Amino acid sequence: MSVIEMTTFRVRPDKVADMLAARPGMLTAFREDRRGFVSARLVRVGEDTWLDFVEWTDDAAWDESRAKGANRPEIADFFAAIDTLVSAERGARYDDAADGPRPVRTVAYGPHPSQVGELYLPQGEGPFPLVVLMHGGFWTAMFDRRQVVGLADDLVGLGYAVWNIEYRRIGESGGGWPGTFLDVAAAVDAVAGIDPSVDAGKVIVVGHSAGGQLATWAAHRSVLPPPAPGANPKVKPIGAVSLAGVLDLVAADAAKLGSSLANPDAEPPAGAPEPSDPAVQPAVATKVRDGVARVLLGGTAADVPDRYSQTSPAELPPADVPVLVIHGADDEGVPPSYSRAYADAQSARGADVRFVEVPETTHFDVIDPASPSWRLAHDWIQERLA
């Protein structure tokens, strides 16, 4: 799949010639200035009404273009000829596989709109090791995978394929228990066969915040009891990286972690992105007053202990998958103690876990590609995939 932007607008008859004359310059500017621009098709649907189909490789590219607006004169000239904007929508194209290989393409691993991900491929023939990225956001549909596009770009630059996944989250149908975990498992298993150039035997999972919990859980899938969601993996990672992960769900439940989302006026952590879907914020806010872990798992640790024992990394049996755990000492969103509890519990049982608490580092610093904390992860991934 790719992203299609569908814009309907009106142009006065005396401005049509100006609009058409400005069109080639606008398209040239898009090709030069807009990452992920694929093509544009202009359709006249009435005397003064036009429909513009613009194709992008991924949601992040569409977001970046929208934020730039008319940043170049050629684009401004085209926009100036438009009289009225009627509507603007976006959707996912499902029939683009026949277009051939692309550096980035959106791939569906299930029928739900959130059962998708972006597959990034480096130049060359492969086979390429692959890194699965899992974004954070308290497992809610307020936030999405665009948070970690910078990491994807960095990893592709190292010569790795990247699978930046979405999954059903709290606030949308199927999110929470067990859907969120089934989706992450399905997305990781989809690496087998996702593209001929990908080496499904060399896979590392990386996650931030809530995604750190999911990535670490994915590394332990092989030791889950058979009835548990995600058991019996088809693809087993050879390593996992947790960046500021919520690795102790029992402690998170006790502390009512995420209850701040119930207050729309609460100050967000430093560097936090704006919600990608603020429309779901009211629905999320009503659910998380007592913390988000019990919403994710359908009860408290006392109510549904089996669910916590099957999903909280600190509670899981050791798996023979090396794990790097990175947490900022100044994290104001997720306490470093959650990562430390996981590392201590696993190390005591002989697991290959390295815990690094990075001084003067906040919750979102760890997903800054230029940060020392990401450099630790970057180097560790290179060592594992060498």
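Residues numbered from 1 in each chain as written. Predicted model: local features only at pLDDT ≥ 70, side-chain atom pairs only at ≥ 80, totals over all residues. Heavy atoms only, no water.

### Details of the overall build of the protein
- Helix and strand content of the protein: 12 helices and 12 strands.
- The C-alpha atoms of the protein give 22 Å as radius of gyration, which agrees with the globular expectation for 386 residues (21 Å, within 12%).
- Seen along its three principal axes, the alpha-carbon backbone of the protein occupies a region of about 75 × 50 × 40 Å.
- When the 386 residues of the protein are sorted by exposure, 54% land in the buried category.
- Taking contacts inside the protein between residues at least 6 apart in sequence as the whole, the part at least 24 apart equals 76%.
- Counting every atom, the protein has about 15900 Å² of accessible surface; 52% of that belongs to carbon and sulfur.
- The average position of the 34 basic charges and that of the 53 acidic charges among the side chains of the protein differ by 4 Å. (Helix = DSSP H or I, 4+ residues; strand = E, 2+ residues; numbered from the N terminus. Rg over C-alpha atoms; globule rule 2.2 N^0.38 Å. Buried < 20%, exposed > 50% of the residue type's maximum accessible area, 1.4 Å probe, protein only. Contact = heavy atoms within 4.5 Å. Areas by Shrake-Rupley, 256 points an atom, 1.4 Å probe, with all protein chains shown as cover. Lys, Arg positive; Asp, Glu negative; His and termini not counted. Charge placed at Lys NZ, Arg CZ, Asp CG, Glu CD.)

### What to know about helix α12 (residues 372-385)
- Between its terminal C-alpha atoms α12 stretches 20 Å, which fits the 20 Å expected from 14 residues at 1.5 Å a residue.
- Turning to α12, its buried residues are S373, W374, A377, H378, W380, I381 and L385.
- Elements that come into contact with the buried residues of α12 comprise β7 (128-134), α4 (149-157), β9 (198-208), β10 (239-243), β11 (323-328) and β12 (353-358). (Expected span 1.5 Å × (residues − 1).)

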